[in-house]
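These are the residues of each chain, in order.
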Amino acid sequence: MDTPLLDIQNLKVTYRDGGLFQGGRNVVAVDDVSLTVPFEPSLLTLVGESGSGKSTLARAILGLKTYDAGQIRFQGQDMGRFSQQQWFDFRRQVQPIFQDPYASYNPFYRIDRVFKTLVRKFKLASNGLDAEKLVEESLRAVDLRPPDVLGRYPHQLSGGERQRVMLARVYMMRPRLIIADEPISMIDAALRALFLNILLDFREQGISCLFITHNLATAYYLGGDIMVMCRGRVIERGHMDDVITNPSHPYTQLLIDSVPSHDPHQRWDTAQGATALDASEFEFSEHACVFQARCPHVMDRCHTERPAFFSAQGRSGQRSACFLHEDDLAGQPDRGGAPL
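Residue numbers run consecutively from 1 along every chain, following the written order of its sequence. Where totals are concerned, whole chains, interfaces and linings use all residues; where local detail is concerned, this predicted model gives features only for residues with pLDDT of at least 70, and gives and counts side-chain atom pairs only at 80 or more. Only hydrogens and water are removed before side-chain values are computed, so all heavy atoms of the structure are retained for them.

1. Things to note about the overall build of the protein chain
At step 1: Labels follow the DSSP assignment, with helices taken as runs of H or I lasting at least four residues and strands as runs of E lasting at least two, numbered in each case from the N terminus. Broken down by element type, the protein chain carries 11 helices and 12 strands.
At step 2: Three labels apply to residues, based on accessible area from a 1.4 Å probe with only protein chains included: buried if under 20% of the type maximum, exposed if over 50%, partly exposed otherwise in between. Scored against the burial criterion, the 340 residues of the protein chain give a buried share of 47%.
At step 3: Using a 1.4 Å probe, the Shrake-Rupley method yields the accessible areas, and only the shown protein chains count as cover for residues. Surface summary for the protein chain: the accessible area is close to 17,000 Å², and the carbon and sulfur share equals 48%.

Shown next, in the form of structure tokens:
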């Protein structure tokens, strides 16, 4: 069996809530999450509402947040034991794209410095002429004209241009994996499809992507595989078409039902939308289903047992952490470590 590019097993991340009225309690942000990104180019979308643990998981993968339990392995190597040189290699092969493009820049420097710093630090070119060609090629790869961008300050660019400069920066590095955390939420709707198409082009060029979003329409546009998170846990996973068109977990169904219809003649069910918004108030219990408080199919065991992953109605590759599908699995339940 080939070694996966990224392998996460039973990851747990907690925050210490130091609020005045919280008594310094521990808040579980990521709870027993496992996922695998294969070595071949692929696209995995992580979906969930605010507070589901998506961004915390991304920060843990990038080494920006320590984790309490579990393991993260990159190309077979335990990241918890990385040497300084291994971290340097990791930074070159795994590149982030964050939500706010403006926060990624120093407003006192021109855009050119973003590229020159990378060229110098990672020795991407042997001379100044090659460096200029590399920068121009990277900008054109994301549909930007170099004369329109180089020599300007970040505030002189639009949000879409700033985010595409980040894509050009990533392209210049030729990484193995991109971790994109809500990268299109702050750019114009007209440019979102362009941004997503660039990511799809990157996959064709051998770059995998872990895409994080709360927008199911965006997830469906990208395709690939999908994992749905709720209160720090992965509750459903599978191929995009299978999960979106035929969801198995009640929470996934709630997320889909909360998306307004594109048909102007079809009125949105406001009561249904309100139920979806209230989903962020789920109570966390280590020994119960995170969705049991609002699940229309709740059973007595949902309040006291934690569901493992079961096959979703016999569909190959689709798994749902719900007791509704317990009888569909032949053999032992999947505890979350198997790849998508």
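Following the structure, the description resumes.
2. Here's the deal with the side chain of aspartate 78
At step 1: As for its placement among the helices and strands, aspartate 78 is situated in strand E5 (residues 77-78).
At step 2: Classification of aspartate 78 by relative accessible area gives buried; the value is 17%.
At step 3: Polar contacts, as counted here, are pairs of nitrogen or oxygen atoms within 3.5 Å of one another; within protein the pair requires one atom able to donate a hydrogen and one able to accept it, and residues that are adjacent in sequence qualify only if both atoms are side-chain atoms. In this structure the side chain of aspartate 78 is engaged in a polar contact, spanning 3.3 Å, whose partner is the side chain of glutamine 71.
At step 4: We call two residues in contact whenever any of their non-hydrogen atoms come within 4.5 Å of each other. Ignoring sequence-local partners within four residues, the contact set of aspartate 78 consists of Tyr67, Gln71, Ile72 and Arg73.

3. What to know about the environment of methionine 186
At step 1: Mapped onto the fold, methionine 186 is located in the loop between strand E7 (177-181) and helix H7 (189-204).
At step 2: For methionine 186 and proline 101, which are 85 residues apart along the polypeptide, the C-alpha to C-alpha distance reads 8.0 Å.
At step 3: Other than its neighbours up to four places away in sequence, methionine 186 contacts Gln99, Asp100 and Pro101.

4. Regarding the nonpolar core
At step 1: Ranked by size, the top nonpolar core spans 40 residues in total, and within it Phe115, Val165, Leu167, Met172, Ile178, Leu199 and Phe202 carry the most contacts.
At step 2: Elements represented by at least two residues in this core include exactly helix H3 (112-122), helix H4 (128-141), helix H6 (159-173), E7, H7 and strand E8 (208-213).
At step 3: The dominant element in this core, judged by the number of residues it contributes, is H6, at eight residues.
At step 4: Here phenylalanine 115 is in contact with Val135, Leu139, Leu150, Val165, Ala168, Arg169 and Met172, once residues within four sequence places are set aside.
At step 5: The next biggest cluster of nonpolar side chains, apart from the first, holds 31 residues, and it includes Leu11, Ala58, Ile212 and Ala321. To define a nonpolar core, start from buried Ala, Val, Leu, Ile, Met, Phe, Trp, Tyr and Cys residues and group those joined through side-chain atoms within 4.5 Å.

5. Quick notes on the sheet that holds strand E2 (residues 26-37)
At step 1: Ordered by their spatial adjacency, four strands build an open sheet running E2-E1-E4-E5, and the pairing between neighbours is antiparallel. The strands lining the two open edges of the sheet, one partner per strand, are E2 and E5.
At step 2: Inspection of the sheet shows strand E1 (residues 6-16) paired to strand E4 (residues 69-74) by five bridges, in the antiparallel sense. Counted as the bridge partner of glutamine 9 is glutamine 71 from E4. By the convention used here, strands pair only if DSSP detects at least 2 bridges between them.

6. Some points on the confidence of the model for the protein chain
At step 1: One confidence number per residue, pLDDT, is output by the predictor and ranges from 0 to 100. Chain-level statistics for the protein chain give a pLDDT mean of 85 and a share of 85% at 70 or above.
At step 2: Across residues 270-280, confidence stays below pLDDT 50; counting only partners more than four residues off in sequence or on other chains, it has 13 contacts.
At step 3: Taken together, the stretch residues 329-333 has pLDDT below 50 and engages in six contacts with residues farther than four places along the chain or on a different chain.

7. Some words on the packing of H3 against H6
At step 1: The convention used is that axes are lines fitted to C-alpha atoms, helices contributing only their stretch in contact, and that angles between N-to-C directions extend from 0 to 180 degrees. Orientation of H3 relative to H6, taken along the N-to-C sense of each, is 20°, at an axis distance of 10 Å. Between H3 and H6, the crossing angle belongs to the class labelled roughly parallel. The interaxial crossing formed by H3 with H6 has right-handed handedness. Of H6, the residues touching H3 (which contributes Val114, Phe115, Leu118, Val119 and Phe122) are Val165, Met166, Ala168, Arg169, Met172 and Met173.
At step 2: Of the residues belonging to the contact of H3 with H6, the class tally is 10 nonpolar, no polar and one charged. Oblique is the label for every angle not falling under 35 degrees (roughly parallel), over 145 degrees (roughly antiparallel), or within 65 to 115 degrees (roughly perpendicular). Take the far helix as your reference; a near helix turned counterclockwise from it by less than a right angle gives a left-handed crossing, and one turned clockwise gives a right-handed crossing. Residues were grouped as follows: Ala, Val, Leu, Ile, Met, Phe, Trp, Tyr, Cys and Pro as nonpolar; Asp, Glu, Lys and Arg as charged; and all remaining residues, including Gly, as polar.

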